[in-house]
Amino acid sequence: MDETVFDDPRITAVGLLVEAHAGLTARFTAQYEEHGVSAVEFEVLMRLARSPGNQLRMTDLAAQTSLSTSGVTRVVDRMERDGLLRRRACPSDRRSSYAVVTPAGMQRLDETLPGHLQIIEQWFTGQLEPDTLAAMLDGLRRVRDAVHPGATAGSTDQAPTDEPPSPC
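Going along each chain's sequence as written, the residues are numbered from 1 onward. Given that the model is predicted, a residue must reach a pLDDT of at least 70 before its local features are reported, and side-chain atom pairs must reach 80 or more before they are shown or counted; all residues, however, enter totals for whole chains, interfaces and linings. Side-chain measures here rest on the full set of heavy atoms in the structure, leaving out hydrogens and waters.

1. A short note on the pattern of salt bridges
The criterion, for reference: Whenever Lys or Arg places a side-chain nitrogen within 4 Å of a carboxyl oxygen from Asp or Glu, that contact is recorded as a salt bridge. Helix and strand definitions here come from DSSP, where helices need a minimum of 4 consecutive H or I residues and strands a minimum of 2 consecutive E residues; each element is numbered from the N-terminal end. Exposure is judged per residue with a 1.4 Å probe applied to protein chains only, and the accessible area is read against the type maximum: over 50% gives exposed, under 20% gives buried, and values in between give partly exposed.
Enumeration over the complete set of coordinates arrives at 9 salt bridges. As a salt-bridge pair, Asp60 and Arg57 come within 3.0 Å of each other at their nearest N and O atoms. Notably, a salt bridge pairs Arg142 with Asp138, separated by 2.7 Å at the nearest N-O pair. Of the two residues, Arg142 and Asp138 are both situated in helix α6 (residues 130-147); the distance of 4 residues between them amounts to about one turn of the helix. On the basis of relative accessible area, Asp138 is assigned to the partly exposed category, the value being 39%. Each of the salt bridges in this network shares a partner with another, and the network as a whole consists of Asp77, Glu80 and Arg87.

Pasting the structure below:
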């Protein structure tokens, strides 16, 4: 084996990304536990809260989170039992339903976000100069879009209403 392969900048880039992710994830996990949510539940709440009408079709939520449809169903079932989410039927397609953040879910986010943002600032964005952060965000979006094209599924659609049905 060619020993120079270990110095390949591609190996270094992925290694640094994995190490940074692991370090941030450990800090986030401890903070989520203080607020009674798991990392997956926090991600689901954030994805829904950042979507039009604080809701997404279950299939879009699965695509955004990289969970299987059955995995999303289990998480939404649990979060619905805890009062953080509710399901809403699609008026034009009974096979489809939406996961919608409840007021209790928004309250949980309101309680969790200050500490979450503090961790982000202290351990991630605060470590970078503004120009470096902007370039990194651009690069991460390109990589994300290449490896996870469904990451924004449904997030730019108009929020459904009880007006004339639109395709779900």
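2. Here we look at the nonpolar core
Note on soluble globular proteins: their nonpolar side chains tend to be buried together. Threshold: Throughout, nonpolar core names a set of buried Ala, Val, Leu, Ile, Met, Phe, Trp, Tyr and Cys residues whose side chains join them through atoms within 4.5 Å. What makes two residues a contact is simply this: any of their non-hydrogen atoms within 4.5 Å.
Core analysis: the biggest nonpolar cluster contains 22 residues, and Val44, Leu45, Leu48, Leu61, Val76, Met79 and Leu85 have the highest contact counts within it. At the level of elements, α1 (9-34), α2 (39-49), α3 (58-65), α4 (69-81), β3 (97-101) and α5 (103-123) are the ones that each hand at least two residues to this core. Aside from chain neighbours lying at most four places away, what touches Val44 is Leu61, Thr65, Val75, Met79 and Leu85.

3. Some points on a nonpolar patch on the surface
Test applied: Candidates for patches are residues over 30% relative accessible area with no salt bridge; among them, like charges are joined within 9 Å and nonpolar side chains (Val, Leu, Ile, Met, Phe, Trp, Tyr) within 5 Å. Here the Shrake-Rupley method, with its probe set to 1.4 Å, supplies the accessible areas, and only the displayed protein chains count as covering residues.
Together, Leu17, Met136, Leu137 and Leu140 line one region of the surface with nonpolar side chains, adding up to about 320 Å² of accessible area. Per-element accounting of the nonpolar patch gives the leading share, 3 residues, to α6. Positionally, Leu140 belongs in helix α6. The exposure class assigned to Leu140 is partly exposed, which follows from its relative accessible area of 37%.

4. Looking at the packing of α1 against α5
The packing of two helices is summarised by the inter-axis angle and the distance between the axes. In plain terms, the rule: Angles here are taken between N-to-C directions and fall from 0 to 180 degrees, while the axes themselves are lines fitted to C-alpha atoms, restricted in helices to the stretch in contact. For classification purposes, an angle smaller than 35 degrees is called roughly parallel, one larger than 145 roughly antiparallel, one from 65 to 115 roughly perpendicular, and anything else oblique. The crossing is said to be left-handed when, going from far helix to near helix, the turn is anticlockwise and less than a right angle, and right-handed when the turn is clockwise. Ten residues, namely Ala, Val, Leu, Ile, Met, Phe, Trp, Tyr, Cys and Pro, are considered nonpolar, four, namely Asp, Glu, Lys and Arg, are considered charged, and the remaining ones, Gly among them, are considered polar.
Relative to each other, α1 and α5 sit at 160°, their axes nearing to 10 Å. It follows from the interaxial angle that α1 and α5 lie roughly antiparallel. Relative to α5, the crossing made by α1 is right-handed. Between α1 and α5, the residues in contact are Leu24, Arg27, Phe28, Gln31 and Tyr32 and Thr112, Gly115, His116, Ile119, Ile120 and Trp123, respectively. For the contact of α1 with α5, the per-class residue count stands at 6 nonpolar, 4 polar and 1 charged.

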